[in-house]
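Here is how the chains run, residue by residue.
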Amino acid sequence: MSFEEGKFQEVLSEFAATPEFIREVAANFRQDLQIGLRDPKSSSMRMLKSYVGLPTGNEKGEFLALDFGGTNVRVLRIKLEGEGRYEVTKRVGEPLVLEGKYDYIGKDSTVDQMFGFLARLIDEAIDGDHSTRFYLGHTFSFPSSQDDLNNARLIIWTKEFATPGVEGEVVNDLLLTALKKRGIENVVPVAVINDTVAVLLSAAYKQSDVYTGSIYATGHNTCYLEGSIHDPKGFGRGGMILNLECGNFMKLTPNRFDTELDQKSEKPGEQRFEKMVSGRYMGELFSMAVAELLGEKFNFTAIDMSGIVADESPQLTKAAKILAEKVGRELELADVARIRELAAAIIVRSARLVTASYVGIVWQRAGNGEIQKQHVAVDGSVYEKMPLVKENINRALSELLGEDAAKVDTILDNGGSGLGAAIAAAMAVQ
Ligand code: GLC
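This structure is a prediction, so every number in the text was calculated from the model and none was measured.

(A) Molecular detail of the sheet that holds strand S4 (residues 85–95). One open sheet holds the 5 strands; their spatial order is S4-S3-S2-S7-S10, and the pairing between them is mixed. Strands at the two margins of the open sheet, each flanked by one partner only, are S4 and strand S10 (187–193). This sheet shows a mean twist of 25° between the axes of neighbouring strands, independent of strand direction. In the sheet, strand S3 (residues 72–82) pairs with S4 via 10 bridges, with the strands oriented antiparallel. When the sheet's bridge partners are listed, Arg74 is paired in S4 with Gly93.

Written out as structure tokens, the structure is:
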């Protein structure tokens, strides 16, 4: 039996992101930015100072890069060669959770386990060499307050991380303790940056006209170069990069699924924007919406959604298979098509909202003047791999910017988290 059309249309309409809605989101985003520039406490975004501006592109030397903030931790050795060139000379990486084996991010994990794990990966990346000096750049992708480039204090865990004892601490102090315990005293952390900042540094190292960096993955967040902020403790050119922590942006109306998801999450009330758009939550929104149609809840992931939406065949064979595997029975073709439409609507809403936030930044940077030619550098699996995302970003850019859309595009900066950390380290020691 297929589902009732009225019910389906009602659920689907919850995820509509009309041109009026995204225009309003873009305007509110810009306004919240302006409020935050005057007083970060009054904005829903944290607007965190990074103490770094843009690189010159001529940074050189070999550095260690620790990339910590998603499901995998990576440690790289990167040789910066200047003129935007670099070489990764060593790469190690492991997941923070291995089902049935270990979990370093859950409520029952400890600081020692988490940072001991990082120290072990660093040890592997330096091949156990405990005498050569290595400068380390650390991409730590959580909201952290800094008063210089090298010290970052975790304000609050996001993305459902829950290890006790890290919030409120200076993360590189925890790292140094763990390194020392392993007998590593030759690794010197010199810079901590957010992953969005890393993406911006990485893209700006390689090309000009990039002032905004964004992650569109498990989590979502954006940073941009604010030309009006200069600090004697800062490095780099053009002002200072602000990590907006716009996953916490709240000046938009959530639908009833967003509200319910937020209530059930690890940190209700926090990261409302991120919970509407990022990969970590998209599957849950979809599961909740599908549950209303099927009368029973099944846990879909963003990867399932991607598979369902990617199927463009007339019989939707692949989509039907993914659904049948979850649901435990075959669905009628008409219902497979409807569920696919629902998945698409959730993805399209996400892309349109994210674009609205980019446009808010573009407007803010332009002030009363003309919009400059620019690229918004983006990294992350949702941006890179999720069907419908790129074309809907482009469509929304045109809707919001009109003719000026010709001056603004998004570019993939793959692996920027690692490279950016190495660049920040180079900027700190040069
Ligand atoms: C979360 C974090 C933020 C990070 C983003 C992407 O929003 O709070 O710091 O940049 O995820 O990883």
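(B) Just the nonpolar core, in detail. Counting 117 residues, the largest nonpolar core has Phe286 and Leu342 as the members making the most contacts within it. Beyond its immediate sequence surroundings of up to four residues, Leu342 is in contact with Phe8, Val11, Leu12, Phe15, Phe286, Ala289, Val290 and Leu293. In terms of nonpolar packing, the next biggest core, distinct from the first, is built from 36 residues, Ile105, Phe140, Val171 and Ala178 among them.

(C) Looking closely at the pattern of salt bridges. For the structure shown, the criterion picks out 34 salt bridges. Between Arg85 and Glu81 there is a salt bridge; the shortest N-O distance is 3.9 Å. We note a salt bridge from Lys107 to Glu266, for which the minimum N-O separation is 3.3 Å. Of the two residues, Lys107 is situated in the loop between strand S6 (102–103) and helix H3 (111–125) and Glu266 in the loop between helix H6 (256–264) and helix H7 (272–277); the sequence distance between them amounts to 159 residues. The exposure class of Lys107 is exposed, given its relative accessible area of 57%. A single salt-bridge network, built from bridges that share partners, covers Lys7, Glu10, Glu14, Arg256 and Glu292.

(D) Expanded view of the site of the ligand. Surrounding the ligand, one finds 15 residues, the nearest of these being Thr158, Asn194, Asp195, Glu245 and Glu274. In this structure, an oxygen atom belonging to the ligand sits 3.0 Å away from a side-chain N or O atom of Asn221. Protein contacts shield 98% of the accessible area of the ligand, which totals 310 Å² for the unbound molecule. Of all the secondary-structure elements, those providing two or more residues to the shell around the ligand are helix H5 (195–206) and strand S12 (220–226). Of the residues assigned to the shell around the ligand, the class counts are 3 nonpolar, 8 polar and 4 charged.

(E) Layout of the packing of helix H9 (residues 302–310) against helix H11 (residues 333–366). Following both chains from N to C, one finds H9 and H11 inclined at 115°, their axes separated by 9 Å at the closest point. You can see that H9 and H11 cross each other, and the crossing is left-handed. Residue-level contacts link Met305, Ile308 and Val309 of H9 to Arg340, Ala343, Ala344, Ile346 and Ile347 of H11. Its residues assigned to classes, the contact of H9 with H11 comprises 7 nonpolar, no polar and 1 charged.

(F) Region of the structure containing unusual backbone geometry. Of note in the backbone geometry, Tyr51 takes a positive phi value of approximately 65° without being a glycine. In this fold, Tyr51 is placed in the loop between strand S1 (48–49) and strand S2 (60–68). A positive phi angle, close to 50°, is found at Leu316, a residue other than glycine. One can find Leu316 in the loop between H9 and helix H10 (317–327). In this structure Leu316 comes out as buried when scored by relative accessible area, which is 7%.

(G) The packing of aromatic side chains, seen in detail. Using the criterion set out here, one finds 16 aromatic pairs in the structure. Ring geometry for Phe249 against Phe273: centres 5.6 Å apart, planes inclined by 90°, an arrangement best described as edge-to-face. Note that Phe249 is positioned in the loop between strand S13 (240–243) and H6 and Phe273 in helix H7, a separation of 24 residues in sequence. Judged by relative accessible area, Phe273 falls into the buried class, the value being 0%. Lying over the aromatic face of Tyr211, Arg365 brings its terminal NZ or CZ to 4.1 Å of the ring centre. Just above the ring of Tyr383 sits the side chain of Lys390; from NZ or CZ to the centre is 5.1 Å.

Here is what the cut-offs are and how they apply
Residues numbered from 1 in each chain as written. Predicted model: local features only at pLDDT ≥ 70, side-chain atom pairs only at ≥ 80, totals over all residues. Heavy atoms only, no water. Pairing = 2+ DSSP bridges. Helix = DSSP H or I, 4+ residues; strand = E, 2+ residues; numbered from the N terminus. Axes fitted to C-alpha atoms, helices over the stretch in contact; angles between N-to-C directions. Core = buried A, V, L, I, M, F, W, Y, C linked by side-chain atoms within 4.5 Å. Buried < 20%, exposed > 50% of the residue type's maximum accessible area, 1.4 Å probe, protein only. Contact = heavy atoms within 4.5 Å. Salt bridge = Lys/Arg side-chain N within 4 Å of Asp/Glu carboxyl O. Near = heavy atom within 4 Å. Polar contact = N/O pair within 3.5 Å; in protein donor to acceptor, adjacent residues only side chain to side chain. Areas by Shrake-Rupley, 256 points an atom, 1.4 Å probe, with all protein chains shown as cover. Nonpolar A, V, L, I, M, F, W, Y, C, P; charged D, E, K, R; others polar. Left-handed = near helix turned anticlockwise from the far one by under 90°. Phe/Tyr/Trp six-rings, centres within 6.5 Å; stacked < 30°, edge-to-face > 60°. Lys NZ or Arg CZ within 6 Å of the ring centre and 35° of its normal.

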